[in-house]
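Listed here are the chains, written in short residue letters.
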Amino acid sequence: MNKSELIEKLAAHVDCPKAQAGRFLDAFVEVVIEEVAKGEEVRLIGFGNFSVSERAARTGRNPQTGDTIKIAACKAPKFTPGAQFKAAVKG
């Protein structure tokens, strides 16, 4: 499912115009990105948590040459699915 298909389904679920559903989805994504970028966690009970994961510096291997390389420490976005979401996917 791509973004426009998601917007169509959202609009049908809440019985609103697609433009309004699109603005809502864009705002939701923007707020989640802003909060996680600030280091905050966004928790949606049943759906999941958006947070920041800190990755330590480590060594790795270049797959083409086999040489050892240093990988710098970094922060990365992380999503942890909630219990209801996991249960729905398991079936």
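Because the structure is predicted, anything quoted here is derived from the model rather than measured.

**Considerations on the overall build of the chain**
What the chain contains, in helices and strands, is three helices and five strands. Helices and strands appear in the chain in the N-to-C order α-α-β-β-β-β-β-α. Computed over its C-alpha atoms, the radius of gyration of the chain comes to 18 Å, more than 25% above the 12 Å expected for a compact globule of 91 residues. Taken along its principal axes, the extent of the C-alpha atoms in the chain is 55 × 30 × 30 Å. Scored against the burial criterion, the 91 residues of the chain give a buried share of 18%. A fraction of 28% describes how many contacts in the chain between residues 6 or more apart in sequence connect residues 24 or more apart. As displayed, the chain has an accessible area near 7400 Å², and 56% of this comes from carbon and sulfur atoms. Here the chain contributes 14 positively and 11 negatively charged side chains, and the mean placements of these two sets differ by 8 Å.

**Re the pattern of salt bridges**
Taken as a whole and assessed by the stated rule, the structure comprises three salt bridges. Lys-3 is the partner of Asp-26 in a salt bridge, and the nearest nitrogen-oxygen pair spans 2.5 Å. One end of the pair, Asp-26, is in helix 2 (residues 18-37); the other, Lys-3, is in helix 1 (residues 3-14), and 23 residues separate them in sequence. For Lys-3, a relative accessible area of 47% gives the class partly exposed. When the shortest N-O distance is used, the salt bridge between Arg-43 and Glu-41 registers 2.8 Å. With relative accessibility at 58%, the residue Arg-43 sits in the exposed group. Judged by its relative accessible area of 39%, Glu-41 falls in the partly exposed class.

**What to know about the environment of Lys-38**
On the secondary structure map, Lys-38 appears in the loop between helix 2 and strand 1 (42-44). Along the primary structure Lys-38 and Phe-79 are separated by 41 residues, whereas in three dimensions their C-alpha atoms are 16 Å apart.

**As for the environment of Lys-90**
Along the chain, Lys-90 turns up in helix 3 (residues 83-90). Between the C-alpha atom of Lys-90 and that of Lys-75, which follows or precedes it by 15 residues, the distance is 30 Å.

**Things to note about unusual backbone geometry**
For Asp-15, which is not a glycine, the phi torsion comes out positive at approximately 55°. Turning to its location among the elements, Asp-15 is positioned in the loop between helix 1 and helix 2. According to the relative accessible area criterion, Asp-15 is exposed, its value standing at 71%.

The rules behind the values
- Residues numbered from 1 in each chain as written.
- Predicted model: local features only at pLDDT ≥ 70, side-chain atom pairs only at ≥ 80, totals over all residues.
- Heavy atoms only, no water.
- Helix = DSSP H or I, 4+ residues; strand = E, 2+ residues; numbered from the N terminus.
- Rg over C-alpha atoms; globule rule 2.2 N^0.38 Å.
- Buried < 20%, exposed > 50% of the residue type's maximum accessible area, 1.4 Å probe, protein only.
- Contact = heavy atoms within 4.5 Å.
- Areas by Shrake-Rupley, 256 points an atom, 1.4 Å probe, with all protein chains shown as cover.
- Lys, Arg positive; Asp, Glu negative; His and termini not counted.
- Charge placed at Lys NZ, Arg CZ, Asp CG, Glu CD.
- Salt bridge = Lys/Arg side-chain N within 4 Å of Asp/Glu carboxyl O.

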